[in-house]
Amino acid sequence: IPDIVITDFQMPYKNGKTVVEIIKNKYPTIKILVISVYKHEHLIAELFQSGTDGFFMKGAKPTDLFKSIELILNGYKILIGNDTQLKIISSPSKKA
């Protein structure tokens, strides 16, 4: 089982939201980063509601891709949206 899956939003047979739902249903611990050219906020929101751990807008800095993967693997949820700036949506929860 991989630690992280990187997928595009638009694919020939299934979209990214469906892929996220399928993976998270069967393997909830796998982290998922969706990459896309789509800038629609409602699509991005639906991805996060489906369990996406990160959204990366195509056109963002390649170095931010590596940083995004690192943050996601450490439990953060990230977003690189229309302004192509890396934003942390949530931090990992602290365990007692």
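The preceding data block contains the structure.
The following refers to the structure shown. The structure presented is a predicted model; accordingly, all values stated were derived computationally and were not measured. (Residues numbered from 1 in each chain as written. Predicted model: local features only at pLDDT ≥ 70, side-chain atom pairs only at ≥ 80, totals over all residues. Heavy atoms only, no water.)

### So, the sheet that holds strand S1 (residues 4-8)
Keep this limit in mind: For two strands to be treated as a pair, DSSP must find at least two bridges joining them. For the purposes of this entry, the term helix denotes a DSSP run of H or I that reaches at least four residues, the term strand denotes a run of E that reaches at least two, and both are numbered from the N terminus. All axes are obtained by fitting lines to C-alpha atoms, using only the stretch in contact for helices, and the reported angles, taken between N-to-C directions, cover 0 to 180 degrees.
Spatially, five strands are ordered S1-S2-S3-S4-S5 in an open sheet, and the strand pairing comes out mixed. The strands lining the two open edges of the sheet, one partner per strand, are S1 and strand S5 (86-90). Averaged over all pairs of adjacent strands, the angle between their axes in this sheet comes to 25 degrees, without regard to strand direction. Note: strand S3 (residues 54-57) against strand S4 (residues 77-80), three bridges, orientation parallel. Bridging across to S4, phenylalanine 56 finds its partner in isoleucine 80.

### Description of the packing of aromatic side chains
To describe a pair of aromatic rings, you give the distance between the ring centres and the angle between the ring planes. As a reminder of what qualifies: Only the six-membered ring of Trp is used, alongside the rings of Phe and Tyr, when aromatic pairs are assigned; centres must lie within 6.5 Å, and planes under 30 degrees apart are stacked while those over 60 apart are edge-to-face, with the rest tilted. Here the term buried applies to any residue with accessible area under 20% of the maximum for its type, exposed to any over 50%, and partly exposed to those in between, with areas from a 1.4 Å probe on protein chains only.
For the structure on display, the rule yields one aromatic pair. Ring plane angle 70 degrees and centroid distance 5.7 Å describe the contact between phenylalanine 9 and tyrosine 38, whose orientation is recorded as edge-to-face. Of this pair, phenylalanine 9 sits in the loop between S1 and helix H1 (16-26) while tyrosine 38 sits in the loop between strand S2 (31-36) and helix H2 (41-50); the two residues are 29 residues apart in sequence, bridging distant segments of the chain. Under the relative-accessibility criterion, phenylalanine 9 is labelled buried at 8%.

### A closer look at the nonpolar core
Convention followed: Joining through side-chain atoms within 4.5 Å is the link that ties buried Ala, Val, Leu, Ile, Met, Phe, Trp, Tyr and Cys residues into a set, and such a set is a nonpolar core. Two residues qualify as a contact provided that any one of their heavy atoms is within 4.5 Å of a heavy atom in the partner residue.
Counting 14 residues, the largest nonpolar core has Ile23, Ile32, Val34, Leu47 and Phe55 as the members making the most contacts within it. Filtering out sequence-adjacent residues up to four positions away, phenylalanine 55 remains in contact with Leu33, Val34, Ser36, Tyr38, Ile44, Leu47, Phe48, Ile78, Leu79 and Ile80. Leu33, Phe56, Ile78 and Ile80 belong to the second-largest nonpolar core, a separate cluster that totals 10 residues.

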